[in-house]
Amino acid sequence: MKTIRTLALALLAVAILSSSSMAQGWGNLKFKFTYGGEYTAPPKIAVTRDAAVCGKLGLIDESLVVNPENKGISNVIVFYRDRTPAKIHPSYNDSTEAPVVVDNIKCRFEPRVAAVWTKRKIDFKNSDPVGHNVKVDTFFNPVINPILPAGAKISQSYSMEERLPTKISCSIHPWMTGWIVVRNDPYIGVSDKDGNLEIKNLPAGEFEFQIWQEKAGYIQQVTQDGSTVEWARGRVKIKIEDGKTTDFGTIVIGADQFK
Amino acid sequence: MKLQNKTTISGHQLSLALAGVLVACSLGLTGCSDPAAFQVNEAYIRAVEFKSDVTKPLMAETPETELSDVQIKNVSEVLEGLYGTPDNPNLPGGVGLNGFLSLRKLKVAAGPVTYSGDKDSLTGLESGLYRRHCAHCHGVTGDGHGPTAQFLNPYPRDYRMGQFKFKLTDADGTFKKPSKADFDHILMEGIPGTAMPSFRVLSGPEREAIIDYVIYLAMRGQTERALIQAAYDTANVNGEIDGNSEKILVRFNDDQYVSDDIEAIKEIVQPVILPWANGGNGTVQRTIEDAPAGWDSDESVEQGRKLFFQSKANCFSCHGQTGLGDGQTNLFDNWTLEHLGNEPGDAVGSADDGEIAGIPEYFYHNELAQMGVVKPRNIRPRNLRLGNYRGGRRPIDIYQRITGGIEGTPMPGNTKLTQQEAWSLVAYVMSLPYEATSRPKTAPSFQGVGTNK
């Protein structure tokens with residue numbers, strides 16, 4: 001009798017445990033983006049300014065970065081764009097303390113694509129020995145164009161969401177391009193050097209997401225499991241399941257999308 | 001939007017349509033012969049259609065999604081509901097304007113030029129001030145595309161982006177809206193070295209009315225841009241939107257939805273209005289402390305000269321080794337960049353070689369020029385040896401340009417200089433016209449980065 005009761009209690013405990021860790025109305029979303037064409041080395045950048053510093057770095061055009069080993073595409077952006085404002089998982093609250101950092105380093109922006117939840121600040125800093133400026137041409141937020149002396153940092157906050165990724169540039173070194181994605185929620189994913197992208201702790205339910213890459217614009221047509229899928233305007237309705245990871249597997253983006 | 005299909009919607013047609021009365025202006029009713037109408041911002045519609053899709057404007061091809069004529073007309077109707085017409089301006093309510101602009105002043109600044117001494121009974125001012133004094137350069141719509149615009153260099157300001165160059169409101173590194181005092185300074189002094197004349201001849205109340213009107217045109221232009229964005233988003237919703245088969249912003253003909261739709265429009269308009277109207281957020285004049293004693297001493301000039309070449313200020317990289325403005329000659333301003341692509345390198349290019357940052361000459365003439373886009377030109381950093389300061393020649397003006405930057409152009413602001421350093425740069429810049437050209441200063445080498453090549 002006693003053993004049975006203990007067992008029942010133990011089971012109950014397990015049930016409570018698992019529900020608190022997973023099934024609370026949140027799920028994850030995963031993609032892997034790969035390039036559907038022959039790999040070709042990206043063009044080199046002709047360094048016309050501060051050649052003494054920037055000229056030695058072997059700078060390349062990073063508007064499309066494909067990993068030669070596994071054809072993974074970096075810097076594909078997936079963001080939540082549903083009409084219903086997103087419910088925000090508590091795990092994101094801590095992130096508001098720390099700023100997003102975009103560094104001017106080695107005569108390029110690092111990272112090239114930065115995700116900015118409007119609750120977070122963004123720091124633009126310069127780790128180079130040469131001076132930079134950072135011109136951010138937001139649409140809904142006031143624009144900025146500060147000088148960033150060697151070693152300097154400026155801190156910026158954005159109160160309004162931007163509909164499209166915003167271009168950032170440096171007028172002193174015109175090859176320098178980067179992007180910030182300013183949204184009212186933290187559900188912004190950027191693919192890594194292997195093309196992997198994961199957005200964690202999304203609210204469960206069916207929502208619209210948008211998929212974008214700087215050279216292609218909206219990603220409109222892809223191959224998934226060998227068949228062609230159309231994502232009109234780069235928009236996809238995705239069902240996020242409670243306590244689960246919705247995995248899109250490998251998504252192949254054809255070379256023609258980047259023409 | 002079809003590129004060939006020039007969409008100009010007469011204000012009269014719309015106000016009549018809004019009232020639900022279908023009277024064709026072609027019947028020759030009074031007022032209909034007046035050609036004054038705000039032009040639709042076709043070039044921006046094109047930019048949105050192309051840039052949302054691909055980074056590069058696909059020249060001859062049509063973009064994936066185009067706004068339909070019905071949607072464009074709806075944007076114009078909404079805009080007219082909010083702002084009225086060139087002859088009969090209006091101001092949107094419930095969006096935080098709070099008396100920032102005076103409708104009465106707008107009405108005297110607006111309207112056709114009158115020569116009959118037509119005066120407003122309260123203000124005693126003649127109407128039609130804007131069209132008399134400003135429109136031949138800045139255009140009736142404020143698009144910077146009046147009849148004389150294309151012959152001027154720089155081009156007259158297109159107010160519709162809401163960006164302005166010369167103001168004392170930029171302090172903390174974020175560009176702010178100009179204050180009314182900034183506009184008055186521009187009207188009093190003009191912009192020396194450009195076609196923008198001084199309007200000292202106008203009375204204070206006349207300038208006040210015109211200033212309200214310029215702000216009104218800027219707000220209207222910014223609102224139009226925001227509405228076009230919203231219309232584009234709506235146009236792209238997959239499938240039908242319940243009860244809105246035409247995917248328009250405001251369903252004027254449907255009592256069931258119209259008030260909800262108008263409420264939704266307010267959310268689009270408010271972010272445009274607040275930075276102008278909200279005293280705490282943009283329209284506050286910065287106070288610059290007086291220059292410290294000795295700011296223009298020889299030592300200070302020498303300090304400024306060094307800074308000019310250092311990473312902390314980096315002036316030489318654009319203004320050149322000798323300040324002639326030849327350090328970076330292939331940049332574009334924001335008004336031009338809008339029509340170019342998004343690719344790295346499109347921010348620079350030469351407008352002189354028949355190919356304008358990826359836009360061929362023929363494309364400009366056949367398409368962009370038809371939409372009222374002035375021919376792309378490079379923006380040149382100022383030749384600092386001429387001693388011509390467009391934003392004003394008081395030391396404080398130069399101080400503001402160096403620390404605040406010049407909005408809409410590559411000239412950056414600098415919040416990292418100490419006050420003393422910034423003043424030393426002012427001193428150096430102002431000494432440049434007098435520096436003997438026989439001993440042109442060349443760059444000292446700092447950290448091996450003092451030269452361009």
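Residues numbered from 1 in each chain as written. Chains lettered and ligands numbered in written order. Predicted model: local features only at pLDDT ≥ 70, side-chain atom pairs only at ≥ 80, totals over all residues. Heavy atoms only, no water.

A. Looking closely at the packing of helix α8 (residues 204-235) of chain B against helix α9 (residues 255-277) of chain B. Residue and element names in this part refer to chain B. Orientation of α8 relative to α9, taken along the N-to-C sense of each, is 145 degrees, at an axis distance of 9 Å. The two elements α8 and α9 cross, and the hand of that crossing is right-handed. Contacts between α8 and α9 involve I215, A218, M219, Q222, T223, A226, L227 and A230 on the former and, on the latter, I265, I268, V269, V272, I273 and W276. Residues belonging to the contact of α8 with α9 are distributed by class as follows: twelve nonpolar, two polar and no charged. (Axes fitted to C-alpha atoms, helices over the stretch in contact; angles between N-to-C directions. Helix = DSSP H or I, 4+ residues; strand = E, 2+ residues; numbered from the N terminus. Left-handed = near helix turned anticlockwise from the far one by under 90°. Contact = heavy atoms within 4.5 Å. Nonpolar A, V, L, I, M, F, W, Y, C, P; charged D, E, K, R; others polar.)

B. Molecular detail of helix α7 (residues 180-189) of chain B. All names here are of chain B. Burial in α7 covers these residues: D182, F183, I186 and L187. Down the axis of α7, the smallest arc covering the buried residues is 140 degrees, so these residues share one side. Those residues of α7 hidden inside the fold are in contact with α8 and α9. G190, located one to two residues past α7, shows a positive phi value of around 70 degrees. (Buried < 20%, exposed > 50% of the residue type's maximum accessible area, 1.4 Å probe, protein only. Arc of directions from axis to C-beta.)

C. Structural detail: the sheet that holds strand β12 (residues 177-183) of chain A. Residue and element names in this part refer to chain A. Spatially, β5-β12-β11-β8 is the arrangement adopted by the four strands of the open sheet, whose pairing is mixed. Edge positions in the open sheet fall to β5 (113-117) and β8 (135-136), since each of these has one partner strand only. In terms of strand pairing, β5 meets β12 through five bridges, oriented parallel. Considered in β12, the bridge of V116 is made with V182. (Pairing = 2+ DSSP bridges.)

D. Looking closely at the pattern of salt bridges. Summed over the entire model, instances satisfying the criterion amount to 28 salt bridges over all chains. Between A:E241 and A:K244 there is a salt bridge whose closest N-O contact spans 3.7 Å. Using a relative accessible area of 39% as the deciding quantity, one classes A:E241 as partly exposed. Here A:K244 falls in the partly exposed class, since its relative accessible area comes to 47%. Here B:D158 ties to B:R160 by a salt bridge, and the two come within 3.0 Å at their closest N and O atoms. A single burial state applies to B:D158 and to B:R160, both of which are buried. (Salt bridge = Lys/Arg side-chain N within 4 Å of Asp/Glu carboxyl O.)

E. Looking closely at the pairing of strand β6 (residues 121-126) of chain A. Sheet topology places strand β3 (residues 100-105) of chain A next to β6(A); five bridges connect them, and they run parallel. Considered in β6(A), the bridge of A:V100 is made with A:I122.

F. Region of the structure containing unusual backbone geometry. In this structure, the amide linkage connecting A:E110 to the following residue, A:P111, adopts the cis form with an omega of -5 degrees. Within the secondary structure, A:P111 is located in the loop between β4 (108-110) and β5. The step from B:N153 to B:P154 runs through a cis peptide bond, and the omega angle for that step is 0 degrees. When you line up the elements, B:P154 lands in the loop between α6 (135-138) and α7. In this model, A:D50 sits at a positive phi of 45 degrees, which is unusual for a non-glycine residue. With relative accessibility at 7%, the residue A:D50 sits in the buried group. The phi angle at A:N201 is positive, at roughly 55 degrees, despite the residue not being glycine.

G. Expanded view of the interface of chain B and chain A. Across the boundary between the two partners, chain B contributes 51 residues, which contact 52 residues of chain A. Applying the counting rule to chain B against chain A returns two salt bridges. Between B:D233 and A:R163 there is a salt bridge, with the nearest N and O atoms lying 2.5 Å from each other. Where chain B meets chain A, there are 17 residue pairs in polar contact (both at pLDDT 80 or more). Of all elements in the fold, only α8 and α12 (334-337) of chain B reach the threshold of two or more residues within the side of chain B that touches chain A. It is α8(B) that provides the largest number of residues to the side of chain B that touches chain A, a total of six residues. (Polar contact = N/O pair within 3.5 Å; in protein donor to acceptor, adjacent residues only side chain to side chain.)

H. Structural detail: the domain arrangement of chain B. Residue and element names in this part refer to chain B. Considered domain by domain, chain B is made up of domain 1 (14-280) and domain 2 (290-340 + 383-436). Contacts between the two partners involve 30 residues from domain 1 and, on the opposite side, 22 residues from domain 2. Counting the surface lost from both domain 1 and domain 2, the interface buries some 2,200 Å², and carbon and sulfur atoms represent 53% of this. The three residues of domain 1 that bury the most area against domain 2 are K165, F166 and F175, which together make up 25% of that side's buried surface. Inspection of the region where domain 1 meets domain 2 yields two salt bridges. Linking K167 and E407 is a salt bridge whose minimum nitrogen-to-oxygen distance equals 2.7 Å. Remark: the boundary between domain 1 and domain 2 carries eight residue pairs in polar contact (both at pLDDT 80 or more). (Domains from an automatic or database assignment. Buried area = accessible area lost by both parts, 1.4 Å probe.)

I. Summary view of the packing of aromatic side chains. All told, the structure shown has 23 aromatic pairs over all chains when counted by the stated rule. Between the aromatic rings of A:Y80 and A:F209, the centroid separation amounts to 5.7 Å while the plane-to-plane angle is 90 degrees, which identifies the pairing as edge-to-face. Separated by 129 residues along the polypeptide, A:Y80 in strand β2 (residues 77-80) and A:F209 in strand β15 (residues 205-213) bring together distant segments of the chain. For the pair formed by A:Y80 and A:F209, the shared burial category is buried. With 5.1 Å between their ring centres and 50 degrees between their planes, B:Y130 and B:Y213 make a pair best called tilted. Highlighted residues: B:Y130 in helix α5 (residues 129-133) and B:Y213 in helix α8, separated in sequence by 83 residues. (Phe/Tyr/Trp six-rings, centres within 6.5 Å; stacked < 30°, edge-to-face > 60°.)

J. How the structure looks around the packing of helix α3 (residues 69-83) of chain B against α8(B). Residues and elements named next belong to chain B. α8 packs onto α3 with a crossing angle of 145 degrees between their chain directions and a minimal axis gap of 10 Å. Relative to α8, the crossing made by α3 is right-handed. Of α8, the residues touching α3 (which contributes Q71, V75, V78, L79, L82 and Y83) are Y216, M219, R220, T223, E224, L227, I228, A231 and A235. A breakdown of the residues in the contact of α3 with α8 according to their chemical character gives eleven nonpolar, two polar and two charged.

K. Quick peek at α9(B). Residue and element names in this part refer to chain B. Its 23 residues give α9 an end-to-end C-alpha distance of 32 Å, which sits within 8% of 33 Å, the value for a rise of 1.5 Å per residue. Along α9, the sharpest kink reaches roughly 40 degrees, centred on V269 and followed within four residues by the proline P271. Within α9, burial applies to V258, D261, I265, I268, V269, V272, I273, P275, W276 and A277. Buried-residue contacts for α9 involve α3, α7 and α8. (Expected span 1.5 Å × (residues − 1). Bend = angle between axes of the 7 residues up to and from the residue.)

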